[in-house]
2 protein chains.
Amino acid sequence: MRYFVGIDIGGTNIAVGVVDEEGNLLRKLSVPTGASRGQDALVADMIGSVKAVVDVAGLTLSDIASVGIGVPGAVTPEGVVIRAVNLGWKNTPLAQIMGDALGLPVYLGNDADCAALGEVVAGAGSNCSSALMITMGTGIGGGFIVNGRIFSGCTGQGTEPGHFTFLYGGEKCGCGKRGCFEAYASATALIRQTKRAMEQNPDSKMWALVDGDIDRVNGKVPFDAAKLDDGTARAVVAQYIDYLGMGIAGMVDSFRPELIIMGGGICNQGDYLMIPLNETIRKYCYASDEIAPPPAVRATLGNDAGIIGAAMLQVSQEKSKA
Amino acid sequence: MRYFVGIDIGGTNIAVGVVDEEGNLLRKLSVPTGASRGQDALVADMIGSVKAVVDVAGLTLSDIASVGIGVPGAVTPEGVVIRAVNLGWKNTPLAQIMGDALGLPVYLGNDADCAALGEVVAGAGSNCSSALMITMGTGIGGGFIVNGRIFSGCTGQGTEPGHFTFLYGGEKCGCGKRGCFEAYASATALIRQTKRAMEQNPDSKMWALVDGDIDRVNGKVPFDAAKLDDGTARAVVAQYIDYLGMGIAGMVDSFRPELIIMGGGICNQGDYLMIPLNETIRKYCYASDEIAPPPAVRATLGNDAGIIGAAMLQVSQEKSKA
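What counts and what doesn't
- Residues numbered from 1 in each chain as written.
- Chains lettered and ligands numbered in written order.
- Predicted model: local features only at pLDDT ≥ 70, side-chain atom pairs only at ≥ 80, totals over all residues.
- Pairing = 2+ DSSP bridges.
- Helix = DSSP H or I, 4+ residues; strand = E, 2+ residues; numbered from the N terminus.
- Least-squares fit on C-alpha atoms with pLDDT ≥ 70 in both.
- Contact = placed C-beta atoms within 7 Å.
- Domains from an automatic or database assignment.
- Nonpolar A, V, L, I, M, F, W, Y, C, P; charged D, E, K, R; others polar.
- Core = buried A, V, L, I, M, F, W, Y, C linked by C-beta atoms within 7 Å.
- Buried ≥ 20, exposed ≤ 12 C-beta atoms within 10 Å, placed from the backbone.
- pLDDT = per-residue confidence, 0-100.

S.K.: Explanation requested: the sheet that holds strand S13 (residues 296-298) of chain A in the structure shown.
M.R.: Across a sheet, strands are paired by hydrogen bonds formed along the backbone, either parallel or antiparallel in direction. Residues and elements named next belong to chain A. One open sheet holds the five strands; their spatial order is S11-S10-S9-S12-S13, and the pairing between them is mixed. Pairing within the sheet leaves two strands with one partner each, and these edge strands are strand S11 (149-150) and S13. Sheet analysis places strand S9 (residues 131-136) next to strand S12 (residues 259-263), joined by five bridges and oriented parallel. Paired with Thr 135 across the bridge in S12 is Gly 263.

This is the structure:
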């Protein structure tokens, strides 16, 4: 059995784990990211964490085949971080720095791509080899796995599923464009849609759920109120699912995945979200009578997906050569 | 040198050609499609045309490695036409029927995918191995080639670039949905946009170009009038290029191709279209400062792309195994 280390650099924590070649996460630990401390401090923490978690797993570095790192930003196939805005990194040769320090091969991937790979190796997509993962959070992230490998495109940066134009001329998006899918289907967008509906409907039960404080609205509030049969909340949820399903239908027509894996806290709504979402996707996919759309299912690994996927970067690349 | 036959089943004509393994079209001929005559008559014509073109090329069927057919509809990897609406075909085992009649292996592909493959083998994309082709015609067609092979997705039907939602809740599309990209960026859409602008602007020079008959508007009229500095036409063209460029930017963010190949009569506008289109794509691509968008260029093979791509189906599949 070969062992791998996966590192997921998040905004809050750096999570590090030892993973076997079947994608089982054997041990993990995490340290605060503290990006403001600068690159050297982060790299030192990552090196220390790798050594610590390998030790906790009862192994030594010589038992580790490679280290994979999921980076919140764009990376090159050669292991350079082109840019990671939240870390303040630009053109950082991270694979070389970490490889020199650990004496191991180091692979880099985008964090959303790594999460998608993790779910396909060991999570919701473990019965298939090709899946599209979409995560609704502050923005919309995602990755596309084809035949067990990250689809990185010709430039190596993978798919960017949040910024195709979904409503030309519509809501301003954080990226500077108008009408991006992210501006309609992220958790942030749902919260904005909810607040607007509340302002227009002072009688909505949603006001009671936040004790009259609109700043306390989160992505759960409209669902909770919809389940209490609040008409305003039901309309917000129905509109949101229509946005989400229509956008995903376009991705299905583009990518034809075997499976859609959905991540993010909104998925905790379970069947209340997933059943109408699947109906909406089917309704909007092109020629869905002849070409059955793939099922949309919830991710199962949570934050571990990023660690597992990062650890599996080497295995995934070997597979594709076979 | 191996030889192949490619067949492109179009709405008006069935075009058949002999192609060498480098993608050179040696001889071609075409016969009227006459789809209303029914499947048996079409198949008989295709068989006769294959024999005739092989003969004209100075070859015999024993010199032909395989026959490839580009079908206007969805096909399976096993060679069945799932559905081709304009031919009235459904679940037709075309590869088997043609293979039995000719004693040769027969490969099927979608016609837009075959055209994309043809352009990558022998046309605008002959210097690259991965390209996205978009054709603006009655609708929007296209295909995505990765490493010299048609990207067919898990279901085998390839990408459908005309029906992602581009303006949620917008124009009614022929597919039944609202706001599809096709409803804003096809040649049909441009003609509709032109007619509306003319109706609102009786002083536009476009009226003179069609001798006052709005039914004579085609995709060339707004460009011709814009070049005469007609303000209405200039606005129509600018808006159309904005639609087209923004939609393509979303595809670039999804697929990260090396090259965008543009087909359809509108591309005859040359630099007058392509220069602002490339600027628009760059403006709207995500993070285009860090990840340079691929160039958008005109297709070079015209209708021959479909014949050549169909003929190359076998070679393309062999390549991907290498």
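S.K.: Please explain the relation of the copies chain A and chain B as it appears in this structure.
M.R.: Both copies of the chain are related by one operation, a rotation about an axis with a shift along it. In screw terms, the move from chain A to chain B is a rotation of 180° and a rise of 0.0 Å along the axis, fitting with an RMSD of 0.1 Å. Both copies of the chain, as the preceding transformation shows, are related through a two-fold rotation axis. Considering only C-alpha atoms, the residue of chain A closest to the rotation axis is Leu167(A), which sits at 2.0 Å. Comparing interface residues between copies, 100% of those in chain A also lie at the interface in chain B; the contact surface is shared.

S.K.: Would you mind showing me how to read the domain arrangement of chain A here?
M.R.: A common way to express how large an interface is: the accessible area buried when the components associate. Residue and element names in this part refer to chain A. When its domains are assigned, chain A resolves into domain 1 (3-122 + 303-321) and domain 2 (131-298). Between the C-alpha centres of domain 1 and domain 2 the distance comes to 28 Å. Each partner contributes residues to the interface: domain 1 has 16 residues there, and domain 2 has 17 residues. Those elements that provide at least two residues to the side of domain 1 that touches domain 2 are strand S8 (106-110), helix H3 (111-122) and helix H11 (313-321). Examining the composition of the side of domain 1 that touches domain 2, we find that seven residues originate from one element, H3, more than from any other.

S.K.: Before we go on, may I ask you to explain the interface of chain A and chain B in this structure?
M.R.: Chain A puts 33 residues into the contact, and the matching count from chain B is 34 residues. The biggest single contributor to the side of chain A that touches chain B is helix H8 (residues 231-255) of chain A, with seven residues. When the residues that make up the side of chain A that touches chain B are grouped by side-chain class, the tally is 16 nonpolar, ten polar and seven charged.

S.K.: In this structure, what is going on with the nonpolar core? I would like to understand it.
M.R.: If you look at soluble globular proteins, the nonpolar side chains tend to sit buried side by side. Judged by nonpolar contacts, the single largest core of 213 residues is most densely connected at Val5(A), Ile69(A), Val5(B) and Ile69(B). Apart from the residues lying within four places of it in its own chain, the contact partners of Val5(A) are Val16(A), Val18(A), Val50(A), Val53(A), Val54(A), Ile64(A), Val67(A) and Ala311(A).

S.K.: How should the confidence of the model for chain A be read in this particular structure?
M.R.: Low-confidence regions, as indicated by low pLDDT, have predicted coordinates that should not be scrutinised in detail. Put simply, chain A has an average pLDDT of 94, and 99% of its residues get 70 or more. Predicted complex, confidence summary: ipTM 0.89, pTM 0.92.

S.K.: I would appreciate a short explanation of the sheet that holds strand S5 (residues 74-75) of chain A in the present structure.
M.R.: Strand order in the open sheet formed by three strands is S5-S6-S7 (chain A), with antiparallel pairing between adjacent strands. Unpaired on one side and paired on the other, S5 and strand S7 (89-92) of chain A mark the two borders of the sheet.

S.K.: I would appreciate a short explanation of unusual backbone geometry in the present structure.
M.R.: Peptide bonds are mostly trans, and most non-glycine residues show a negative phi. Residue and element names in this part refer to chain A. The phi dihedral of Asp 229 falls on the positive side, at around 65°, and the residue is not glycine. Among the secondary structure elements, Asp 229 is positioned in the loop between helix H7 (221-227) and H8. What makes Asp 229 exposed here is the crowd of 9 C-beta atoms within 10 Å. A positive phi is found at Ala 287, a non-glycine position, where the angle reads about 55°. For Ala 287, the location among the structural elements is in the loop between helix H9 (271-284) and S13.

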